[in-house]
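# Observations on chain architecture
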Amino acid sequence: MIRWSALGIAAFAALAIGVLVGPAHLPPGTVWHAVLGRGDDVTVAIVRDLRIPRAVLAFSVGGSLAVTGAVLQALVRNPLADPYLLGLSGGAGLGAVGAIALGLSGTWALPAAAAFGALGAIILVYRLAIVAGAVLDTRILLLGGVVVSAFTSAIVGAIMALSPAEQLRNALLWLLGGFDGASWLTLTVFAAYAVFPLALLYRASRQLDLLSLGEEPAAYLGADVEPLKRLLYVMASVLTAAAVAVSGIIGFVGLVVPHAIRMLWGHTHRALLPAAFLLGGSLLAGADALARTVFAPLTLPVGVVTAVIGVPVFAVLVRRWAS
Amino acid sequence: MEQRAIRRFNLRIREVGRVFCSRPTSVTALGVLALACAGSVPERGAPHERVVSLAPSITELLFSVGAGSAVVGRTRWASDPPEALAVPSVGDGLNPNVEAVAARRPDLVILYDSPANAGPAAQLRQLGIETAVFRMDRLDDVARGARLFGALIGVSDVAEEVAARFSAALDSARRVPRPTDRPRVLILAWDQPPIVIGAGSFQSELLDLAGAENVFADLAGPSGQVTIEIIAERNPDFVLLTGGVSDPSWGSRPEWQAVPAVRQRRFVIVDGSEFSYPSLRALTAVRRLRQALAEARE
């Protein structure tokens with residue numbers, strides 16, 4: 001109970017900081033008035049249309065990435081699994097760079113192309129891992145992800161070598177990840193894609209416990225292993241593709257948060273998944289607030305901040321857990 | 001400064017001559033080399049005759065100081081003056097293809113001063129080709145470059161005249177008192193993530209000379225990544241767009257509506273390479289910019 005309260009407080013604090021803090025110097029009172037719609041137009045727009053959706057989006061994406069990481073680690077039974085392991089980041093990169101190289105412009109060209117590329121990579125890896133017509137082999141899933149990533153980064157390298165440098169550099173900046181595109185619209189789009197997979201994954205948490213024992217023991221204990229693996233894979237992929245579309249590729253959260261929660265909480269997925277969502281969300285929302293404030297008016301890539309905060313904390317956790 | 005650089009080149013030229021000419025492999029080769037060395041090891045201050053220019057700004061300036069006929073290679077991005085397009089392209093200017101550059105048989109390669117070019121410059125020197133690096137980021141670099149290139153190619157008289165005329169025009173433009181109601185302008189280089197132009201870029205200088213104020217003049221560097229929030233807070237009167245973002249369709253995205261100038265489409269769009277790098281056409285660029293701003297304010 002104490003742990004849940006602590007997580008709840010962390011989540012609330014991260015969201016509050018995300019709304020209160022920013023490169024524009026607004027005192028807390030002004031922010032509060034702006035939340036209620038009072039004050040000058042620009043201030044109200046900064047708080048209501050930029051800060052609030054940005055903080056909530058960062059929280060939702062962080063939470064979703066952490067849940068996806070936890071699920072994939074159980075699915076492939078590999079502690080190094082993270083949301084981008086299965087070829088997703090490579091596919092997204094290829095989509096984004098390809099869109100720039102083909103001169104596709106327009107409001108949604110880049111995120112749509114990245115999500116499209118990610119889904120293409122997922123389908124390819126999935127096809128590779130389906131053996132003998134029916135069985136999803138998680139070892140091949142892992143290898144297929146690595147192979148597809150290598151292939152897509154080779155193609156990205158070729159496009160970069162042959163196309164105008166400046167535009168591609170900027171496309172890669174976008175891929176580095178961040179919440180500059182956050183708005184109520186992107187938040188709605190993300191929520192539309194994320195709520196259903198999150199609910200299904202939570203419903204499967206008992207079966208995830210069984211699966212993390214191994215496929216055969218899980219089958220003996222009554223899990224319907226093959227459909228379960230496919231469900232997990234597809235839902236995790238949809239979640240990650242949606243995250244890529246709204247925020248590029250943000251590493252670290254999906255890899256480390258599930259491990260941190262396992263060390264603090266144990267391995268039961270019914271607790272692990274919601275706890276990972278809260279911690280992942282808090283970490284990313286807090287990191288984003290720091291990223292846009294510390295060197296204001298300049299901003300840092302949010303992935304840099306998550307790693308700078310997260311790595312030392314994680315190192316301490318690992319040491320304590322090992323002893 | 002330039003004089004010192006030139007002396008360094010000449011020293012290097014003599015060194016190269018010594019290395020190259022001290023290793024004859026046969027009697028015939030000795031004869032050929034003797035001839036070649038007599039021609040290719042210039043005396044102190046002797047001009048270069050075959051120059052590969054690895055930046056569009058450098059190419060344009062070489063043509064402007066009357067050294068165009070010595071240019072035997074350019075990057076694929078060079079577009080001005082039109083005569084430059086007749087020169088064979090050697091590909092990219094940053095991290096260039098050394099073999100393609102060497103194939104033009106240059107006696108001098110001028111590269112943009114960047115870490116990406118340090119390796120290729122060293123390789124070219126190993127091949128016995130002189131290199132010079134030059135960074136053209138600010139308007140004052142134009143006259144400096146004109147004088148340096150003039151000395152390297154042996155057209156110092158023309159170059160000196162061009163440089164002096166440009167510096168004088170620039171000085172008098174700088175002395176013109178700024179209007180009191182200067183429009184506050186954001187120069188946007190990229191929309192997602194938002195990258196803006198700071199005081200360290202010549203584009204900021206152009207804007208200042210055109211009688212406007214860069215809202216990110218507090219950024220010392222040429223550019224920086226910022227948030228839409230800080231752009232909204234600084235609330236520019238206009239958004240100046242050149243190059244990559246000159247198609248303003250990004251302005252319809254919801255998050256950008258927090259910036260009034262974007263919401264109301266107060267865009268000033270200018271195209272042309274005079275806005276891409278510093279050149280002798282800078283004052284023409286200033287006039288065009290001033291006119292575009294005046295039209296936008298009406």
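Let us look at the overall build of chain B. When its secondary structure is counted, chain B shows 11 helices and 10 strands. Put simply, chain B has 298 residues, and 46% of those count as buried. Restricting to contacts in chain B with at least 6 residues of sequence separation, those with at least 24 account for 57%.

Moving on to the confidence of the model for chain B. Mean pLDDT over chain B stands at 81; residues scoring 70 or higher make up 84%. Per-element mean pLDDT across chain B ranges from 36 in helix H2 (residues 27-40) of chain B up to 94 in strand E7 (residues 213-214) of chain B.

It is worth spelling out helix H4 (residues 88-101) of chain A at this point. Residues and elements named next belong to chain A. Between its first and last C-alpha atoms H4 spans 20 Å; for 14 residues at 1.5 Å apiece the expected length is 20 Å, and the two agree. Across the 14 residues that make up H4, a large majority, 13, are buried. At the C-terminal side of H4, Gly103 shows a positive phi close to 75 degrees.

Right, let's get into the interface of chain A and chain B. The interface of chain A with chain B comprises 30 residues on the first partner and 28 residues on the second. Secondary structure elements with two or more residues in the side of chain A that touches chain B: helix H3 (41-76), helix H7 (165-175) and helix H8 (184-203) of chain A. In terms of residue class, the side of chain A that touches chain B is made up of 15 nonpolar, 10 polar and five charged.

It is worth spelling out the sheet that holds strand E1 (residues 51-53) of chain B at this point. All names here are of chain B. Strand order in this open sheet of four strands is E2-E1-E3-E4, and the pairing throughout is parallel. The open sheet has two edge strands, strand E2 (71-73) and strand E4 (130-134), and neither has a second partner. Averaged over neighbouring strand pairs, the angle between their axes works out to 35 degrees when direction is ignored. One ladder, built from two bridges, connects E1 with E2; its direction is parallel. Across the sheet, the residue bridging to Val51 is Val71, located in E2. Helix-sheet contacts for helix H3 (residues 56-64) involve E1, E2, strand E3 (108-112) and E4, and the interaxial angle to E1 is about 135 degrees.

Attention shifts here to the packing of helix H1 (residues 2-20) of chain A against H3 of chain A. Residue and element names in this part refer to chain A. Packing of H1 against H3 leaves a shortest axis separation of 8 Å and a crossing angle of 150 degrees. One element, H1, and the other, H3, form an angle in the roughly antiparallel class. Between H1 and H3 the crossing geometry is right-handed. Side by side, H1 and H3 meet where Ala14, Leu15, Gly18 and Val19 of the first sit next to Val47, Arg51, Ile52, Arg54, Ala55, Ala58 and Phe59 of the second. Looking at the contact of H1 with H3 residue by residue, the classes come out as eight nonpolar, one polar and two charged.

All names here are of chain A. The end-to-end C-alpha distance of H8 is 28 Å, a good match for the 28 Å that 20 residues give at a rise of 1.5 Å each. Bending of H8 peaks at approximately 30 degrees at the position of Ala194, with proline Pro197 no more than four residues after it. For H8, the full list of buried residues reads Thr186, Leu187, Phe190, Ala194, Pro197, Leu198 and Leu201. Buried residues along H8 sit in contact with H3, helix H11 (225-247) and helix H13 (269-293).

Procedures and definitions
- Residues numbered from 1 in each chain as written.
- Chains lettered and ligands numbered in written order.
- Predicted model: local features only at pLDDT ≥ 70, side-chain atom pairs only at ≥ 80, totals over all residues.
- Helix = DSSP H or I, 4+ residues; strand = E, 2+ residues; numbered from the N terminus.
- Buried ≥ 20, exposed ≤ 12 C-beta atoms within 10 Å, placed from the backbone.
- Contact = placed C-beta atoms within 7 Å.
- pLDDT = per-residue confidence, 0-100.
- Expected span 1.5 Å × (residues − 1).
- Nonpolar A, V, L, I, M, F, W, Y, C, P; charged D, E, K, R; others polar.
- Pairing = 2+ DSSP bridges.
- Axes fitted to C-alpha atoms, helices over the stretch in contact; angles between N-to-C directions.
- Parallel < 35°, antiparallel > 145°, perpendicular 65-115°, else oblique.
- Left-handed = near helix turned anticlockwise from the far one by under 90°.
- Bend = angle between axes of the 7 residues up to and from the residue.

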